[in-house]
Amino acid sequence: MTHPDSHLFVYGSLMYPSVWNLLIRRPVKQCRGRLPGYQRLKIRDDSYPVILPGQNAHDVTGVLYFKLTSQEINRLDRFEGDYYERISVDIFIDHSSCTPINAWTYRLKSAFRHLALPQTWDPQAFEKNDLNRFIQHYCGWNATVSD
């Protein structure tokens, strides 16, 4: 269930404007954010990350997008696919902020936990080595999906 003004925290491919703008075709207010208590890990046989809660977890940094419509959230749900579940989390917008902002994010479903590797996902390495290939491979679905 979403409501008309949903916020969304992203930590992987959707942080990059070249991916985001293929899916959401309007300006959306955004800022840097962090999600405490989670770890961002590589996934087996692919270049995008997953997040999982963990005892030794650190903050996951990413982008917080504000006021997405239900239609946009549904489109992003389809893009994220079957491996992920959309959950409600508290996001902090800077290290000095004590008041979190409630937002959606996508977490790896427990049924697919075996796909997560015990290696931290590196956003800079993804941008340098995998972003263009990711766009070619995953964003092609966009032409065939209607809202």
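Every value quoted in this text rests on a predicted model; they were computed, and no experiment measured them.

Participant: What should I look at first to understand the environment of Tyr48 in this one?
Facilitator: One can find Tyr48 in the loop between strand E2 (30–43) and strand E3 (49–53). Separated by 35 residues in the primary sequence, Tyr48 and Ser13 have C-alpha atoms spaced 6.4 Å apart.

Participant: I keep staring at helix H2 (residues 70–80) and nothing clicks. Help me out?
Facilitator: Residues separated by three or four positions in an α-helix point in the same direction, a consequence of the helix having 3.6 residues per turn. When we look at burial in H2, the residues that qualify are Glu72, Ile73, Arg75, Leu76, Phe79 and Glu80. Looking down the long axis of H2, one finds its buried residues gathered within 160° of arc, a one-sided arrangement. Taken from the residues just after H2, Gly81 is the one with a positive phi, measuring 80°.

Participant: Would you mind showing me how to read the layout of surface pockets here?
Facilitator: Here the second largest pocket is characterised by a volume of approximately 160 Å³. Contributing to the lining of the second largest pocket are Tyr38, Gln39, Arg40, Leu41, Asn56, His58, Asp59, Val60, Thr61 and Thr120. Among the elements of the structure, E2 and strand E4 (58–68) are those that each provide at least two residues to the lining of the second largest pocket. In terms of residue class, the lining of the second largest pocket is made up of 3 nonpolar, 5 polar and 2 charged.

Participant: Please clarify how the nonpolar core should be interpreted in this entry.
Facilitator: Burial of nonpolar side chains together is a common tendency in soluble globular proteins. Counting residues in each nonpolar core, the largest one holds 44 residues, and the members touching the most others are Leu8, Leu14, Val19, Trp20, Leu35, Leu68 and Leu76. Looking at which element gives the most residues to this core, the answer is E4, with 6 residues. Beyond its immediate chain neighbours, meaning those up to four positions away, Trp20 contacts Leu8, Leu14, Val28, Tyr65, Leu68 and Leu76.

Participant: What exactly am I supposed to notice about the packing of aromatic side chains here?
Facilitator: Aromatic ring pairs: the centre-centre distance and the angle between the two ring planes describe each pair. According to the stated counting rule, one finds 7 aromatic pairs in the structure shown. Centre to centre, the rings of Tyr83 and Phe112 are 4.6 Å apart; their planes meet at 50°, and the pair counts as tilted. Pair noted here: Tyr83 is in the loop between H2 and strand E5 (84–91) and Phe112 is in the loop between strand E6 (101–108) and strand E7 (116–120), with a separation of 29 residues, a long-range link. Judged by centre distance (5.2 Å) and plane angle (50°), the ring pair of Trp121 and Phe126 falls under tilted. Like Phe126, Trp121 is buried. Of the aromatic side chains, those joined through ring pairs into one cluster are Tyr16, Phe79, Trp121, Phe126 and Phe134. Here the guanidinium or amino end of Lys29 rests over the ring plane of Phe66, the centre of that ring lying 5.2 Å away. Note that Arg86 overlies the ring of Trp104, its terminal NZ or CZ placed 4.5 Å from the centroid.

Parameters and conventions
Residues numbered from 1 in each chain as written. Predicted model: local features only at pLDDT ≥ 70, side-chain atom pairs only at ≥ 80, totals over all residues. Heavy atoms only, no water. Helix = DSSP H or I, 4+ residues; strand = E, 2+ residues; numbered from the N terminus. Buried < 20%, exposed > 50% of the residue type's maximum accessible area, 1.4 Å probe, protein only. Arc of directions from axis to C-beta. 1 Å grid on protein atoms, 1.4 Å probe; cavity = no way out; pocket = protein on both sides within 12 Å on 5 of 7 lines; lining within 4 Å. Points joined across faces, edges and corners; volume = space filled by probe spheres on them. Nonpolar A, V, L, I, M, F, W, Y, C, P; charged D, E, K, R; others polar. Core = buried A, V, L, I, M, F, W, Y, C linked by side-chain atoms within 4.5 Å. Contact = heavy atoms within 4.5 Å. Phe/Tyr/Trp six-rings, centres within 6.5 Å; stacked < 30°, edge-to-face > 60°. Lys NZ or Arg CZ within 6 Å of the ring centre and 35° of its normal.

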